[in-house]
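Descriptive analysis of the structure
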Amino acid sequence: MPAPSRSGPAVIRFLDVHKSYRVGGRDVPALEPFSLDIADGEVFGIIGHSGAGKSTLIRLINLLERPSGGRVLIGDVDMTALDEPALRAQRRRIGMIFQHFNLLGSQTIADNVAFPLRLAGARDEAAIRARVAELLARVGLEAHADKYPAQLSGGQKQRVGIARALANRPSILLCDEATSALDPQTTASVLDLLAEINRELKLTVVLITHEMDVVRRVCDRVAVLDAGRIVELGAVADVFLHPRHPTTRRFVEEALPEEAAAGEAPFARVPGRILRLSFRGAATWTPTLSRVMRETGVDFNILAGRIDRIKDLPYGQLTLALEGRDVDAALAALRGAGIEIEELPR
Amino acid sequence: MTAPLLTTLFPNIDDWAELGQACLDTLLMLGGSLALTVLLGLPLGVLLHLTARGQLAPMPRLNAALAFAVNVLRSVPFIILMIVLMPVTYFLVGTRLGIRGAIPPLVIGAAPFFARLVESALREVEHGVVEASQAMGASTWQIVRHVLLPEARGGLIAAVTVTAIALVGYTAMGGAIGAGGLGDLAYRYGYLSYKSDYMLVTVALLVVLVQLIQALGDWLAARSARRRGR
């Protein structure tokens, strides 16, 4: 299934980029050579364990890390070819938020949000105040303008970070483990805010995380990073429902704890053929399974299952044991109705 | 005035006006040298910080040269530094004596010390805040001016306080070789003429001065912390 068509042409392009660090006189690779396009308006997730290279990768976009080779294009600007002043001008068009928020502790919330405006040369205090008020309203912190960061909760601090990142009307928002320091409930509200910003401001969002659940909730596409290599890349629904690389499978299992708990060969004692059915979108709303089973006279036994959403897409995944003479006919009918089927080893 | 009481307590002190003048001299030396120390040491400390490895403007050679110069100046005992610097002092201010003659060696002695304190205060600023500013397109100068210095304000206030107190000690030492001030009185009357009441009064005044500086520094630091909402 192709990526959602909401996104447009490539706005961030990595062309044969690699990065290594010099440690003790030796080049240690952090990212193997790769090319990658991130489309205008999409929410692109990069998932990996710590040390996989995802922090480095996201910092290559605004050149906080300079690539050891290859080119990074933002729109049609080659970031790697810019001199310092031009690079600073480009960076103002790329917002960034951080795991530990990185707010100025000595400044009020309003001054923190005004900071990028002032850095960019804004001098009209009335205009700055108006823009800050507008930004704080967007993130729901109007009442906290005159407080200091130390007086806010983690979720509120990240909202300040988001308001600050949006101040100069960027076209790209980079999120560096933006929810990793937050509790689950706050994580959900910050992710909702990011999704809303992506939708309403048509902003391209690139986020890195080590939690598949973050990817599932907000991302359109995902790249799985393992030891400096992109080992899997695709629409989140494809990667999530049909993970291929072992690292991806582990990430998916972490998001679905009950499946990981089942262990090796969980269906050894179950009779019949073991099949995993994936329903997406409209297929989740029709009683296809019961109709096909009735028509073909096949018996089914539900072994595991869930119904949830991947971003805006409802999906269901059922693991079934099928018994009967017409199992193949039943599978063909299910496939015909748009249900994806994998046969699992027993 | 309670002159009879003072005369009884401090029989050798016959000229209280001289003591007052010495106080004033010490304060002038302290104020003048502290202002110049901050003026010279702050940029030096910023430069030491910025040029260090992994910082905003890494320049290992310049950093090593600066660090060496700072260490050399810091390893010379102040009283020796003062004597060694006499020709420089004469060249700079036209005299080796008095308040004016004391200020160059005081500044040259204290500025490297203060610069090191500034450097360590700046190092305490979280790297993430600096990185966020870079991501917002801040220049190195903007980061120094609007991020490093304001974020390190508490540490910088403490650095000024510690330096001011060190300078009180230096001015007293300077007194021994013609700088004037309280140290001069303590040395001439208290040490050379065995008038121990002079010693007692000057030391008491120095203790009060140090206490006042520390209290002022603590108050400013607390005020800066309150402004951060802590």
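Calculation notes
Numbers given to residues run from 1 along each chain, matching the order in which its sequence is written. Written order decides the labels, with chains lettered from A and ligands numbered from 1. Owing to the predicted nature of the model, reporting of local features is limited to residues with pLDDT of at least 70; listing and counting of side-chain atom pairs is limited to 80 or more, with chain, interface and lining totals taken over all residues. Note: side-chain values were computed over all heavy atoms of the structure, leaving out hydrogens and water. UniProt positions are given in the numbering used here, feature names are shortened, and annotations may be inferred rather than shown by experiment. Think of it this way: any DSSP run of H or I at least four residues long counts as a helix, any run of E at least two long counts as a strand, and we number them from the N terminus. Two strands make a pair as long as DSSP finds a minimum of two bridges between them. Only C-alpha atoms enter the line fits that serve as axes; for helices the fit covers just the stretch in contact. Angles between N-to-C directions range over 0 to 180 degrees. In this analysis, two residues are considered to be in contact whenever any of their non-hydrogen atoms come within 4.5 Å of each other. Two parts placed together each lose some accessible area under a 1.4 Å probe, and the buried area is that loss summed for both. When a carboxyl oxygen of Asp or Glu is within 4 Å of a side-chain nitrogen of Lys or Arg, the pair counts as a salt bridge. Any pair of nitrogen or oxygen atoms within 3.5 Å is treated as a polar contact; in protein, a donor-acceptor pairing is required on top of that, and neighbouring residues in sequence qualify only through side-chain atoms on both sides.

Looking at an unreviewed UniProt entry, one finds chain B named D-methionine transport system permease protein, with Fulvimonas soli as its source organism. Listed in UniProt under the heading Subcellular location (unreviewed entry), the comment for chain B reads: "Cell membrane". For the record of chain B, the UniProt heading Sequence similarities (unreviewed entry) holds the text "Belongs to the binding-protein-dependent transport system permease family. CysTW subfamily."

Identification of chain A as Cell division ATP-binding protein FtsE from Fulvimonas soli is taken from an unreviewed UniProt entry. In its Subcellular location (unreviewed entry) section, UniProt records this for chain A: "Cell inner membrane". The UniProt entry for chain A carries the following text under Function (unreviewed entry): "Part of the ABC transporter FtsEX involved in cellular division. Important for assembly or stability of the septal ring."

1. Things to note about the UniProt feature "domain: ABC transporter" (unreviewed entry) in chain A
Within this structure's numbering, the places UniProt gives as "domain: ABC transporter" (unreviewed entry) are residues 12–252 of chain A. Across residues 12–252 of chain A one finds 38% helix and 29% strand; the C-alpha atoms that close the span lie 26 Å apart.

2. Things to note about the sheet that holds strand β9 (residues 221–226) of chain A
Residue and element names in this part refer to chain A. As summarised here, the arrangement of the six strands in space is β6-β7-β8-β3-β9-β10, forming an open sheet in which the pairing is mixed. Each edge of the sheet is formed by a strand with only one pairing partner; in this case those strands are β6 (94–98) and β10 (229–235). Averaged over neighbouring strand pairs, the angle between their axes works out to 15 degrees when direction is ignored. Here β6 runs beside strand β7 (residues 172–176); their pairing, made up of five bridges, is parallel.

3. Here we look at the interface of chain A and chain B
Taken together, the contact between chain A and chain B spans 22 residues of the former and 22 residues of the latter. Each partner contributes to the roughly 1,900 Å² buried at the junction of chain A and chain B, and carbon and sulfur atoms together form 56% of this total. Taking the shortest distance from any N to any O, the salt bridge between R59(A) and E131(B) comes out at 2.5 Å. Seen at the junction of chain A and chain B, the total is six residue pairs in polar contact (both at pLDDT 80 or more). Those elements that provide at least two residues to the side of chain A that touches chain B are α2 (84–91), β6 and α3 (109–119) of chain A.

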